[in-house]
Every structure is written in C-alpha cells, then in structure tokens.
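What follows is each chain in one-letter form.
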Amino acid sequence: MAAELLNLKHFVFRSKTLLARRGSQFNPPWKLNGANPPRGKYQSCSSLGQISDVSNQAAVFDVEGALLKSSAIFPYFMLVAFEAGGLLRALILFLLYPFVCLVSEEFGMKLMVFVCFFAMKRKNFRVGRAVLPKFLLEDVGNEGFDMVMKFRRKIGVTNLPSVMVEDFLVEYLGVDAVLGRELKVVFGYFVGLMEEKKSGEIVLNKIFGEEKLDSSVIGITSLKKSIDQQLLSHCKVVYLISETEKRSWNVLPRKKYLKPLIFHDGRLAFKPTFIATLEMFTWLPFGIFLFIIRLSVALFLPNNLQVPILSFTGMTGTTHSTPIENSNLTSKTNTRKKLKGTLYVCNHRTLLDPIYVSMAIRKPVIAVTYSLSRITELLAPIKTVRLTRNREKDSEMMEKLLSQSDLVVCPEGTTCREPYLLRFSPLFAELTDEIVPVALDYQVSMFYGTTAGGYKFLDPVFLLLNPTTSCIVKAQKKLPKECSCGVGGKTKFEVANYVQSKIAEALGFECTNLTRKDKYIILAGNEGKV
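Conventions we followed
- Residues numbered from 1 in each chain as written.
- Predicted model: local features only at pLDDT ≥ 70, side-chain atom pairs only at ≥ 80, totals over all residues.
- Heavy atoms only, no water.
- UniProt positions renumbered as here; feature names shortened; annotations may be inferred.
- Axes fitted to C-alpha atoms, helices over the stretch in contact; angles between N-to-C directions.
- Helix = DSSP H or I, 4+ residues; strand = E, 2+ residues; numbered from the N terminus.
- Parallel < 35°, antiparallel > 145°, perpendicular 65-115°, else oblique.
- Contact = heavy atoms within 4.5 Å.
- Nonpolar A, V, L, I, M, F, W, Y, C, P; charged D, E, K, R; others polar.
- Pairing = 2+ DSSP bridges.
- pLDDT = per-residue confidence, 0-100.
- Expected span 1.5 Å × (residues − 1).
- Bend = angle between axes of the 7 residues up to and from the residue.
- Buried < 20%, exposed > 50% of the residue type's maximum accessible area, 1.4 Å probe, protein only.
- Core = buried A, V, L, I, M, F, W, Y, C linked by side-chain atoms within 4.5 Å.
- Domains from an automatic or database assignment.
- Phe/Tyr/Trp six-rings, centres within 6.5 Å; stacked < 30°, edge-to-face > 60°.
- Lys NZ or Arg CZ within 6 Å of the ring centre and 35° of its normal.
- Patch = residues over 30% accessible without salt bridge, like charges linked within 9 Å, V, L, I, M, F, W, Y side chains within 5 Å.
- Areas by Shrake-Rupley, 256 points an atom, 1.4 Å probe, with all protein chains shown as cover.
- Salt bridge = Lys/Arg side-chain N within 4 Å of Asp/Glu carboxyl O.

Per an unreviewed UniProt entry, the recorded name for the protein chain is Phospholipid/glycerol acyltransferase domain-containing protein, and the organism is Cannabis sativa. The Subcellular location (unreviewed entry) comment attached to the protein chain in UniProt states, word for word, "Membrane".

Shown next, in the form of structure tokens:
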C-alpha cells in the first residue's frame, strides 16, 4: 500500500512538472520567470479601445498572436513546401506534422523550417511575395487590424522566418519593420537552419535611434504567445489578447486592405490546414483518373456530347447570352479588309476561356494567345495561334484569321484571378467593328490552372485535377456602331476602354491600368516573355 501511494505521489509530481513545462508558453510574460506582474504594465486589449489617440506612438505587436485570427502556422509552411518545393516535399511535411505536434514548439518550428527550406535556392524563393500574402490577408482579424493601424509606427514580431512574412507586412500593412527569424544561406542556398534571435534592444535602437527616448512604445501580444522579454521591457504598456477574444474576431474585409490584392501566384486555391491537406492527398489518385477522362472527352468527342459528360464529372458552366444580331452596317474597316468573322473579346481567367466561349456560342472559333506551352497547344480541342508580340505582325495575322472564321481574343494578355480587369490592349479595336464583349468568371475548388512562376505545361493538368469547377459566360450585345473605330470614329484606346468597362460591369469587377508586364514583374521577376 505504501508503495502504491509512493507511486501515486510520484505520478502526480511528474504530471504537474510536465504541465508546467508545456503550459509555460501559454502564460503571461511575467510568469515565465516567476516574477510578480508589474503594476499597470499589462492590460486587457479591450482597454486599448478606450484610448482616443495613439497616432503619435509606436506599437510592437505579435503577428501570430495579435494580428492573425488563427495561431496555426502549419498552413503557411505547407504553402512553402508545396509551392516552392514540390509535391514530394509537401508530402514529407504532412507525414512529419503529427511528430511536430508532440515535440516542443521551438523544435517543431525548426523541423518544419528544415523540411521546407533545405537546399532551396534563395534568389528563386518567391512564395513570400507571390503566394503567402493572399492567405495571410485572409487570416487577418478585423479587430486586430484596427488595433495595429491606430499607431504611427508599427513593428511586427514573428516566430516565422522573415522571408515568409516580410513582404506581406511591409507591402500590404505598411509595417515599418519586421523582427523575425533569419535563415542561414550557404552558396546561395538555404540550409534549413535559423539564425539566433536578434536582441530586442538592438532592434529598437536600430528602428528608432535617438527618437526611442522620446517615444512611447506600446506592446500588443496574446496570453498564449508572448513577444520577446527584452522588447516588452521597453514597452510602456503591454496589451494582452485572450484566445476567447480572438475567436470572436471577424475576417478583415477586402475593402479595408491598404493595398488591393490583385496579383498572386501558386497552385493551391485553399488554405492548406492539416485536414484540408489530408483531403488533397486523398483526392489526388482520383483526380488523376478524372483528369484522364476529362481530357479524353475534350479531345475525342463532339461538342454536343462534351458538355453533358464534362458537367457530370464536375466541370459545370452557365451561359447568359444576349442574341447576337447580324449587323447590316458596313464599317470602313470591314469594307477595306473584307473580314467576315466576328471578334469575341473576353477577359482572361483560365486557358479554357476560348473553349467555353466556343461552347457558349455553339460554333468553332480560333483562339489567339501570347504564352501557351507546346503540350497545351497539342491538346487544345480548338485551333490556337500564338502571337509574336510584334504589333504589326500580330495585327496582320489576326486580320487573316478573321477573314476565315470567328476569333476569340483576351486583350489582358494574361490571367487575373481576383475580381479585377487588367488594362486591355487596343490592338483588337482597329481590326473590325464586329466586336462582341464576353464576360467570363471561373471558380476552382482545389487547384489554380494558371501560373506566372511555375511550369506552364502543368496548367491544364492542375485545372482538370479539380474536383469541381464552375464557369459563367456572359455574352454581351454587339458593340454599338457609335462606339467603334470604323463607323463611330473612336480611337482604339476609347474602344478598348469601353469594352473593358462593359465586361467589368457585367461581372461586378473593377478596372485597372495594370498590365501583363506589371503582373510578371511582381510575381516572377521578369516581363513574362520567357
């Protein structure tokens, strides 16, 4: 009996010790060293809303604990592994994650960093700029955003590597400085190891300099995860956010973004939480089988059979079309060039846009495109013609094609995933007055079928791997004669802007002056000519 009591006491003692160790990371900062809380130093974040003016003060805030709704970091590492490292690296990270959950937070972080970044080339890492900002913005809490944005100067503190969050914080939130973990680089390659954390005092001195002595620094962190002690020691007041408060936060609405999210890259169309990633890997064998079926149907069956079969496999489409009347008008351009085809002008969402236009108008068309892989050209069920980017040659080529058949052109020159339209190239406007604007919107459930920095030949593969896709085609009325270059006497720029505005109006999108070149410089670091 005495032995059993001794064992029981030993078990209780070990349990308390283990809970104390595991729970220390969830305690307020003053409990980490056993000290008493400084009087008035730490306050609830609800009291921050009672302060009317903090516009002249600086804030040091915890990115994961005080800005994002979810403190889970696995999805962002999975995005790095999948988008920058490939499917195999993503699978390794997924299989190791249960082990990551069992070890300490610091060791688990180091393990995920090693898996995601080992042997990755530093200059080719674009996920932090092209992929992660979209998912991080969608996880920003509206209430946390309002708290941080009150301050004149903002310093973001994160446990994540700086290359993952720096572009997001600086470009989209206007943060003055980011304090994160730096990754070791050898001969231009990440080695999967993190540098030691910088001293909080050194960081503040570097950011503020002499101004720090005259500035009031406010800390914002959470009860679950706290900022570095040295940083907190320089804060006049530290506001603490509980997990209960974070659960009640709303997602930051798009209209409050400081900078519009127009461009982003990557293949994943969902936030890859552990459960969502499990669903993806479970789906892939079925998706490959479905890809073969969909491709075979598109290549070998006639149009009247393709539509019902593809709809049965999950590729649905909706058509809203206005009857296209044959015009008796003879424009100056058409009389001179004797063009008999109709020019269908549409916005660009995926490489399947011309195919859906052909299905919607129920007749074959020719598609002209800028960048299309040779494999995609061979597999396309309609005729495709590659443009040269030489305006004179492209204009002559399109005139020749219009004299033979109807033509589909996407003047944006590249795809845009968000509810925006890029600037329309005016090249199409001088070809003919027989112009029909077509508005397209395309939704995917798992994978994006477009990329700026990846392999173009995989675009149709990922697009057809989706469990479900949905396309809406809205064919508009033919361009009025008074709005054309021929009879109407409008300039090509006026016609291009008019068509862009009509398509944007039909979709509820916003027009921009951004171009294909802007997109590729932001996402891929080139002009999109390669």
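Trainee: For this particular structure, what's the right way to read the packing of helix H3 (residues 74-85) against helix H4 (residues 87-102)?
Mentor: Relative orientation of the contacting elements H3 and H4 amounts to 155 degrees, with a least axis distance of 6 Å. As the angle between them shows, H3 and H4 are arranged roughly antiparallel. Here Phe74, Phe77, Met78, Ala81, Phe82 and Gly85 of H3 lie close against H4, whose contacting residues are Leu87, Arg89, Ala90, Leu93, Phe94 and Tyr97. Grouping the constituent residues of the contact of H3 with H4 by class yields 10 nonpolar, 1 polar and 1 charged.

Trainee: How should I be thinking about the sheet that holds strand E3 (residues 153-161) in this particular structure?
Mentor: Strand order in this open sheet of 6 strands is E1-E8-E7-E2-E3-E4, and the pairing throughout is parallel. Lying at the two open borders of the sheet, with one neighbouring strand each, are strand E1 (42-44) and strand E4 (177-181). Taken pair by pair, the neighbouring strands of this sheet meet at an average axis angle of 25 degrees, ignoring direction. Relative to E4, E3 runs parallel, the two sharing 4 bridges. Residue pairing for E4: glycine 156 is matched across the bridge by valine 178. Strand contacts of helix H5 (residues 105-117): E3 and E4, with the helix running at about 80 degrees to E3, the strand carrying the most contacts.

Trainee: For this particular structure, what's the right way to read the confidence of the model for the protein chain?
Mentor: Low-pLDDT portions of the prediction should not be read for the details of their coordinates. Summary statistics for the protein chain give a mean pLDDT of 83 and a share of 81% for residues scoring 70 or more. This stretch, residues 8-27, has a pLDDT under 50; its non-local contacts, to residues over four places away or in other chains, come to 12 contacts. In this model residues 326-336 is a low-confidence stretch, pLDDT under 50, and it forms 22 contacts with partners more than four residues away in sequence or in other chains.

Trainee: What is the right way to read H4 from this model?
Mentor: The α-helix winds at 3.6 residues per turn, so residues separated by three or four positions along the chain end up facing the same way. Its 16 residues place the ends of H4 24 Å apart at the C-alpha level, agreeing with the 22 Å of an ideal helix rising 1.5 Å per residue. A maximum bend of about 40 degrees is found in H4 at leucine 96, where proline proline 98 lies one to four positions downstream. Listed as buried for H4 are Arg89, Ala90, Leu93, Phe94, Tyr97 and Val100. In this fold, the buried residues of H4 make contact with H3, H5 and helix H13 (274-300).

Trainee: I'm lost on the nonpolar core in this one. Help?
Mentor: Side chains that are nonpolar tend, in soluble globular proteins, to be buried together. Within the largest apolar cluster, 110 residues are counted, with the highest numbers of intra-cluster contacts made by Phe77, Phe117 and Met164. Per-element accounting of this core gives the leading share, 8 residues, to H3. The residue makeup of this core includes at least three contributed by each of domain 1 (41-256) and domain 2 (283-324 + 338-524). Setting aside residues up to four positions removed in sequence, phenylalanine 77 forms contacts with Leu93, Met109, Met112, Val113, Cys116, Phe117, Leu160, Pro161 and Met164.

Trainee: I'm lost on the packing of aromatic side chains in this one. Help?
Mentor: Each pair of aromatic rings is reported with the distance of its centres and the angle of its planes. Applying the stated criterion to the full structure yields 12 aromatic pairs. Here the aromatic rings of phenylalanine 117 and phenylalanine 125 are separated by 5.4 Å at their centres, their planes lie at 45 degrees, and the arrangement is tilted. Take phenylalanine 117 and phenylalanine 125: they sit in the same class, and that class is buried. Here a set of aromatic residues connected by ring pairs shows up, and it is made of Phe74, Phe94, Tyr97, Phe274 and Phe281. A cation sits over an aromatic face here: lysine 134 above phenylalanine 135, 6.0 Å from the ring centre. The residue whose ring lies beneath lysine 259 is tyrosine 172, and the NZ or CZ to ring-centre distance is 5.2 Å.

Trainee: Just checking my understanding: could you explain a nonpolar patch on the surface for this structure?
Mentor: A cluster of nonpolar side chains, namely Leu88, Leu91, Ile92 and Leu95, defines an oily patch on the protein surface of about 380 Å² accessible area. Examined against the element boundaries, leucine 91 turns out to sit in helix H4.

Trainee: Got a minute to help me understand the pairing of strand E10 (residues 343-346) in this structure?
Mentor: Burial along E10 is two-sided: the face carrying Leu343 and Val345 and the face carrying Tyr344 and Cys346 are both buried. Pairing geometry for E10 and strand E13 (residues 407-409), over 3 bridges, is parallel. Note that in E13 the partner of tyrosine 344 across the bridge is valine 408. For E10 and strand E15 (residues 435-444), the ladder comprises 4 bridges, and the chain directions are parallel. The residue bridging leucine 343 from the neighbouring strand is isoleucine 435, located in E15.

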